[in-house]
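Structural characterization, general
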Amino acid sequence: QVQLVESGGGLVQAGGSLRLSCAASGRTFSSYLMGWFRQAPGKEREFVAAVSRAGGRTYYDDSVKGRFVISRDNAKNTVNLQMNSLKPEDMAVYYCAAAAAAGWGTRRTADFGSWGQGTQVTVSS
């Protein structure tokens, strides 16, 4: 398994931006489909975005499409989530996740076997 550590969360006003980063350990980072999920209080963990193993393809939940951008750097073992035009409903703990064998397009938490500890994003209205 790959070890994941998120950073970059914090407090931002509605309409502002934040950039989350996830650092991965291990020499097989490029073999993992990488994703970001989030979990708000009292709600289930939900899919946000994912990036292909080579980094050339991405897909997003409709709620963030056009506002968030996921990217990865396999040379640095990192995956990032640039979040723009943040809304109060984006407030949650954000988790980086890695999927070893999942198919393209998956949004299921069960398909991602490695998770970071999460980073809090707070959006004030």
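Just above sits the structure.
Described below are features of the structure shown in this document. (Residues numbered from 1 in each chain as written. Predicted model: local features only at pLDDT ≥ 70, side-chain atom pairs only at ≥ 80, totals over all residues. Heavy atoms only, no water.)

1. Some remarks on the sheet that holds strand β8 (residues 78-83)
If you walk across this open sheet you meet the four strands as β1-β3-β8-β7, and the pairing is antiparallel. For this open sheet the edge positions go to β1 (4-7) and β7 (68-73), each flanked by a neighbour on one side alone. Shown here is a sheet whose adjacent strand axes are inclined to one another by a mean of 15°, direction ignored. In terms of strand pairing, β7 meets β8 through six bridges, oriented antiparallel. Looking across to β8, one finds that I70 is bridged to L81. (Pairing = 2+ DSSP bridges. Helix = DSSP H or I, 4+ residues; strand = E, 2+ residues; numbered from the N terminus. Axes fitted to C-alpha atoms, helices over the stretch in contact; angles between N-to-C directions.)

2. Observations regarding the state of the cysteines
Following the criterion strictly, the structure yields one disulfide and no others. Residue C22 pairs covalently with C96 via a disulfide, S to S 2.1 Å. Between C22 and C96 the sulfur-sulfur dihedral comes to about -80°; the bridge is accordingly left-handed. Taken together, the residues C22 in strand β3 (residues 18-24) and C96 in strand β9 (residues 92-99) connect sequence positions 74 residues apart. The pair formed by C22 and C96 is uniform in burial state, with each residue classed as buried. (Disulfide = S-S within 2.5 Å. Buried < 20%, exposed > 50% of the residue type's maximum accessible area, 1.4 Å probe, protein only.)

3. Structural notes on the pattern of salt bridges
Using the criterion set out here, one finds five salt bridges in the structure. The shortest N-O distance in the salt bridge between R38 and D90 comes to 2.9 Å. Of this pair, R38 sits in strand β4 (residues 33-39) while D90 sits in the loop between β8 and β9, placing them 52 residues apart in sequence. Assessed through its relative accessible area of 5%, R38 is described here as buried. For D62, the salt bridge identified is with K65, shortest N-O distance 3.0 Å. According to the relative accessible area criterion, D62 is exposed, its value standing at 62%. If you follow the salt bridges from partner to partner, you end up with R38, E46, R67 and D90 in one network. (Salt bridge = Lys/Arg side-chain N within 4 Å of Asp/Glu carboxyl O.)

4. Comments concerning the nonpolar core
Formed by 28 residues in total, the largest nonpolar core has its most connected members in M34, W36, V79, L81, M83 and Y94. Going through the elements one at a time, β3, β4, β5 (46-51), β7, β8, β9 and β11 (119-124) are the ones with two or more residues in this core. (Core = buried A, V, L, I, M, F, W, Y, C linked by side-chain atoms within 4.5 Å.)

5. Things to note about the side chain of R72
Inspection of the secondary structure puts R72 in strand β7. Salt bridges are absent for the buried R72, whose nearest opposite-charge side chain, D73, sits at 8.2 Å. At 2.8 Å, the side chain of R72 and the backbone oxygen of Y32 are in polar contact. One polar contact links R72 to N74, side chain to side chain, over a distance of 2.8 Å. Once residues within four sequence positions are removed from consideration, R72 is found in contact with F29, S30, Y32, L33, M34, V51, S52, R53, G55, T78 and V79. (Lys, Arg positive; Asp, Glu negative; His and termini not counted. Polar contact = N/O pair within 3.5 Å; in protein donor to acceptor, adjacent residues only side chain to side chain. Contact = heavy atoms within 4.5 Å.)

6. Digging into unusual backbone geometry
One can expect most non-glycine residues to show negative phi and most peptide bonds to be in trans. One non-glycine residue with positive phi stands out, namely N77, at about 55°. Overall, N77 belongs to the buried group, its relative accessible area being 16%.

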